[in-house]
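# Residue-level structure breakdown
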Amino acid sequence: MNQSPDTTRGMIFAIAAYGLWGFAPIYWKLLRALPAGELLAHRVLASLAVGLLLVAATRRGRVFWTVLRSRRHVLPIVASSLLIGLNWLVFIHAVNTGRVLATSLGYFLNPLVNVLLGVAFLGERLTRGQLVAVAIGAAGVLSWAIGLGEAPWIALTLAASFGLYGLVRKLAAVGPLEGFTLEVLLLAPAAALLLVHLGSGDRLAAPQLSAGVQALLAGAGVITAAPLLCFTSAARRLPLSTLGFFQYLAPSISFLIGVGLYHEPFGRGQASAFACVWAALALFTLATRRATGASARR
């Protein structure tokens, strides 16, 4: 069956979004000379500049101002801004301390976390196959923890923070661009205060960077906003079931980068953990498709 041009464009946008997210560790690794907190502050301020430019370019200033003045809209975005700020900070810290594989595991776990959040907060029910998939995924996390000798806090924090972020944004009646811009606007005062504090103590690392690395730092806002906008464009053109298959592209790329490019340790424990998570995702996808098909036949 021939695909419509809109569906084809949607798939291109989906590949672009998840591809950019997948290759993101390489970009942030180039900025590892900056402490994670300072890098996050620059990322927030650069993202705010990009967000405001996009709001102006798309003539959505009036909509953004309406959202900004509404407590009903702002309060959920306060929560989502804190969650995405935590997610960014942990991701940057993990990448720049040589734990790209942990970020990959976190985003592989994210769909399973979304399921649990749906059960806990949205009254959704799991089929037996989905329950088994979640249990296998939990076994994978346990295997990873045993291999590390400690709790896999990076993977769990990334999965939980992004899962909760998605839940809040799902419930908040705010558009993607307005929500993104408002999130970084809310984070901007803390980011600016941190940079001022570091600058007053002559502890800013950014001025010591080469011109090339400073150019990368200036582009942090574009790198942050571009996949989000591609994702939004894909979501408007593709069914969620189709879009869901693309979400595994990003952690798969990060996994290959961690093992193949950065040669991070990948022993029996890590292999067992990823095998469990991959099996869980395959079983979960199959169980979900069966449940969807059964509902459609009723």
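One can find the structure itself at the top, above this paragraph.
Here we summarise the structure given alongside this text. (Residues numbered from 1 in each chain as written. Predicted model: local features only at pLDDT ≥ 70, side-chain atom pairs only at ≥ 80, totals over all residues. Heavy atoms only, no water.)

## Structural notes on the nonpolar core
Ranked by internal contacts, the top residues of the largest apolar core, which has 59 residues, are W28 and V44. Leaving out residues up to four positions away in the same chain, W28 has contacts with L39, R43, F91, V95, N96, A220, I223 and T224. Counting 9 residues, the second largest nonpolar core, distinct from the first, contains V55, V67, V174 and L177. (Core = buried A, V, L, I, M, F, W, Y, C linked by side-chain atoms within 4.5 Å. Buried < 20%, exposed > 50% of the residue type's maximum accessible area, 1.4 Å probe, protein only. Contact = heavy atoms within 4.5 Å.)

## Here we look at the packing of helix 2 (residues 36-57) against helix 10 (residues 220-237)
Where helix 2 contacts helix 10, the two axes come as close as 7 Å, and the packing angle between them is 55°. Here helix 10 runs oblique to helix 2, going by the angle between their axes. Viewed along their axes, helix 2 and helix 10 form a crossing whose handedness is right-handed. Facing helix 2, whose interface residues are R43, A46, S47, V50 and L54, helix 10 presents A220, G221, V222, T224, A225 and L229. Across the contact of helix 2 with helix 10, the residue classes break down as 7 nonpolar, 3 polar and 1 charged. (Axes fitted to C-alpha atoms, helices over the stretch in contact; angles between N-to-C directions. Helix = DSSP H or I, 4+ residues; strand = E, 2+ residues; numbered from the N terminus. Parallel < 35°, antiparallel > 145°, perpendicular 65-115°, else oblique. Left-handed = near helix turned anticlockwise from the far one by under 90°. Nonpolar A, V, L, I, M, F, W, Y, C, P; charged D, E, K, R; others polar.)

## Let's talk about the packing of aromatic side chains
According to the stated counting rule, one finds 15 aromatic pairs in the structure shown. Taking the centre distance of 5.6 Å and the plane angle of 75° together, the rings of W144 and F274 count as edge-to-face. Pair noted here: W144 is in helix 6 (residues 128-148) and F274 is in helix 13 (residues 268-297), with a separation of 130 residues, a long-range link. Each member of the aromatic cluster is reached from another via a ring pair, and the members are F108, W144, F255, F266, F274 and W278. One Lys or Arg, K29, reaches over the ring of Y262 and ends 4.8 Å from the middle of that ring. (Phe/Tyr/Trp six-rings, centres within 6.5 Å; stacked < 30°, edge-to-face > 60°. Lys NZ or Arg CZ within 6 Å of the ring centre and 35° of its normal.)

## Here's the deal with helix 8 (residues 176-200)
Over its 25 residues, helix 8 extends 36 Å from the first C-alpha to the last, a length consistent with the 36 Å expected when each residue adds 1.5 Å. The largest bend along helix 8 reaches roughly 40° and is located at A188, with the proline P189 sitting one to four residues downstream. In the stretch just after helix 8, D202 is the one whose phi turns positive, near 55°. (Expected span 1.5 Å × (residues − 1). Bend = angle between axes of the 7 residues up to and from the residue.)

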